[in-house]
Amino acid sequence: PEETVTSSFASFIHAARPEHLSPTVRQRSKRMILDSIGVGLVGSTTRVFDIALRYCRELYSSVAVSSVYGKPGVKLSPTLAAFTNGVATHSMDFDDTWHPATHPSGAVLPALLAASQMLPPNTKPNGLDFLLAFNVGLEVQGRLMHFSTEAHDIPKRFHPPSVVGTLGSAAATAKLLSLSSAQCCHALGIAASLAGAPMANAATQAKPLHVGNATRLGLEAALLAARGMEANPLILDDIPGCSGFSAFYSVYQPKPLSTPGEHHEFLLEKQDIAFKRFPAHLGMHWVVDAALSVRNLFINYAGSFSPSLIRTIMLKIPVSKYINRPFPSSEHQARHSFQFNACAALLDGEVGLGSFSESSIHRQELRELLDKVVVEHPEDNMANFDKMYGEVALLLHSGDVLTGKCDTFYGHWRKPLSKESLLTKFRSNASHVLPEEKIEAIITLVDNLETLSDSSQL
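Residues numbered from 1 in each chain as written. Predicted model: local features only at pLDDT ≥ 70, side-chain atom pairs only at ≥ 80, totals over all residues. Heavy atoms only, no water.

Per an unreviewed UniProt entry, the protein chain is named Cis-aconitate decarboxylase, and its organism is Cnemophilus loriae. Under the heading Catalytic activity (unreviewed entry), UniProt records this for the protein chain: "cis-aconitate + H(+) = itaconate + CO2". (UniProt positions renumbered as here; feature names shortened; annotations may be inferred.)

Following this line, the structure appears as structure tokens:
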């Protein structure tokens, strides 16, 4: 039969082999795995995680075989463990981000961790199998996002991980479970019927559910396909009059995915990932670095940071309604507020975990700074994580103007975190729930993932 876009994706998933992963892809993806685990561990300390965990433990009874971040001794069914760990990963908006915009690791890694514990002892995937499945999940997400120009901009309608992440989780799990090409095709089709979440729930406790559901439902799609459930075999193709995956995009131009091998280059080879230095929406990292830059200028100018000398704080940011929040009233709103993050950086000289506590958000001195903020949207500042910039200007009562600008923050794919910075972030996050010896053991396991005989040890 004639090859279709959907069948090419299924063939890719089925045919991918460990030797197709270049040293660059292996190293970058291991960095992602380590960071995502750390983010999930610190995320297990949040209220939204507690709600999700209590929901799973109280309302569902099943065979409990899969571990939960930050909760030694607690096991859930594989799908619920994936869901809970996905919620933890995105609970602080601290997880990695790709371009076009999505959070790739959180949608895939929890499903693979849960599935690896689910399998019988004599069929456990090794570390190299695990790493390959993880990269298959990343590749499917990236290719799907490149089918539409709409995906390159900061999203307006739906949260990308809830869509491409669900199919990425299905692809990764299908690979780990060694499904046939036909079953991989059906897994993608089933996942498409389980995908989607509106952007209106950004900056609320519901947003972490988008990643939790993506990783859980992708796992369920693969398990259903393994048991014989079928779906439309043309789900990724552009069929006039009958939307498949194209239902999510106004402009959709799919292309077949080449068979892995010498003619296929994984997207992670060409496009590195962005790791966040503090727990907030990616766009915040530009304004924070710009604010820290102008704060240093101000201290050199005045000797110390004195808010009373500032008449106006001018932010030049791209147009994106859901992250333009003048007076956030909750931690989730604060993580999605250009204004809050700029002012927190100006006031404290840093943004970190404590910046989003209730007491920090409602400080009088911070509110006074927020009152001084004026926003501009320059035409050249596009709502696109590859092209945007952040600019913070302080207009002083003296008439002087001090300006800080950031085109590429530290941690962006153009300016990657060093190994030392990534390890510092991981150790800091993991230390909230794990002792030092276990933290170091995870670092060693991930670093030597290719040699691990049983990936469920992770």
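Next comes the rest of the description.
Take the domain arrangement of the protein chain next. Partitioning the protein chain into structural domains gives domain 1 (5-277 + 416-457) and domain 2 (282-406). Once you take the C-alpha centre of each, domain 1 and domain 2 turn out to be 33 Å apart. The interface is formed by 22 residues belonging to domain 1 together with 18 residues belonging to domain 2. The junction of domain 1 with domain 2 conceals about 1800 Å² of combined surface from both sides, 63% of it contributed by carbon and sulfur atoms. (Domains from an automatic or database assignment. Contact = heavy atoms within 4.5 Å. Buried area = accessible area lost by both parts, 1.4 Å probe.)

Right, let's get into the environment of Asn-384. Relative to the assigned elements, Asn-384 resides in the loop between strand 4 (373-376) and strand 5 (390-396). Looking at Asn-384, the relative accessible area reads 4%, which means it is buried. A sequence separation of 231 residues divides Asn-384 from Asp-153, and the C-alpha atoms of the two residues are 4.4 Å apart. The contact partners of Asn-384, leaving out residues within four places of it in the chain, are His-99, His-152, Asp-153 and Ile-154. Here Asp-386 takes part through its backbone nitrogen, which lies 2.8 Å from a polar atom of the side chain of Asn-384. (Helix = DSSP H or I, 4+ residues; strand = E, 2+ residues; numbered from the N terminus. Buried < 20%, exposed > 50% of the residue type's maximum accessible area, 1.4 Å probe, protein only. Polar contact = N/O pair within 3.5 Å; in protein donor to acceptor, adjacent residues only side chain to side chain.)

Attention shifts here to unusual backbone geometry. Peptide bonds are mostly trans, and most non-glycine residues show a negative phi. In the segment running from His-99 into Pro-100, the intervening peptide bond is cis, with an omega of -5°. Position of Pro-100 among the secondary structure elements: in the loop between helix 4 (78-90) and helix 5 (104-118). Here Asp-93, not a glycine, exhibits a phi torsion of approximately 55°, which is positive. Its identity as a non-glycine residue notwithstanding, Ala-203 has a phi of 65°, on the positive side. Looking at the element boundaries, Ala-203 is found in the loop between helix 8 (181-192) and helix 9 (207-226).

Every α-helix carries 3.6 residues per turn, so stepping three or four residues along brings you back to the same face. With 19 residues, helix 6 (residues 127-145) should reach 27 Å at 1.5 Å per residue; the first-to-last C-alpha distance of 27 Å fits that figure. For helix 6, the N-terminal cap is Asn-126; the gap from its side-chain oxygen to the backbone nitrogen of Leu-128 is 3.0 Å. (Expected span 1.5 Å × (residues − 1).)

Before going further, it helps to spend a moment on the state of the cysteines. Enumeration according to the criterion identifies 0 disulfides in this entry. There is no disulfide at Cys-185, and the cysteine sulfur nearest it, in Cys-184, is 8.7 Å away. For Cys-185, a relative accessible area of 9% gives the class buried. There is no disulfide at Cys-242, and the cysteine sulfur nearest it, in Cys-185, is 14 Å away. For Cys-242, a relative accessible area of 45% corresponds to the partly exposed category. (Disulfide = S-S within 2.5 Å.)

Attention now goes to the pattern of salt bridges. The full count for this structure, using the stated rule, is 15 salt bridges. The partner of Asp-272 in a salt bridge is Arg-28, with the nearest N and O atoms 3.6 Å apart. Placement of the pair is Asp-272 in the loop between helix 10 (267-270) and helix 11 (284-302) and Arg-28 in helix 2 (residues 23-43), with a sequence separation of 244 residues. We classify Asp-272 as buried; its relative accessible area is 10%. Notably, a salt bridge pairs Arg-157 with Glu-150, separated by 2.8 Å at the nearest N-O pair. (Salt bridge = Lys/Arg side-chain N within 4 Å of Asp/Glu carboxyl O.)

Counting through the fold element by element, Gly-352 comes out in the loop between helix 13 (338-348) and helix 14 (358-361). Excluding its chain neighbours within four sequence positions, the residues that come into contact with Gly-352 are Phe-278 and Pro-279.

Backbone-to-backbone hydrogen bonds pair the strands of a sheet. The strands run either parallel or antiparallel. The strand order across the open sheet formed by 4 strands is 4-3-5-6, and the pairing between neighbours is mixed. The strands lining the two open edges of the sheet, one partner per strand, are strand 4 and strand 6 (401-406). Direction aside, neighbouring strands of the sheet carry axes that sit 20° apart on average. Bridge analysis of strand 3 (residues 310-316) against strand 5 gives 6 bridges, and the strand direction is antiparallel. Pairing of Lys-316 across the sheet is with Glu-391, part of strand 5. Against the sheet, helix 11 makes contact with strand 3, strand 5 and strand 6, and its axis sits at roughly 145° relative to strand 6, the strand it touches most. (Pairing = 2+ DSSP bridges. Axes fitted to C-alpha atoms, helices over the stretch in contact; angles between N-to-C directions.)

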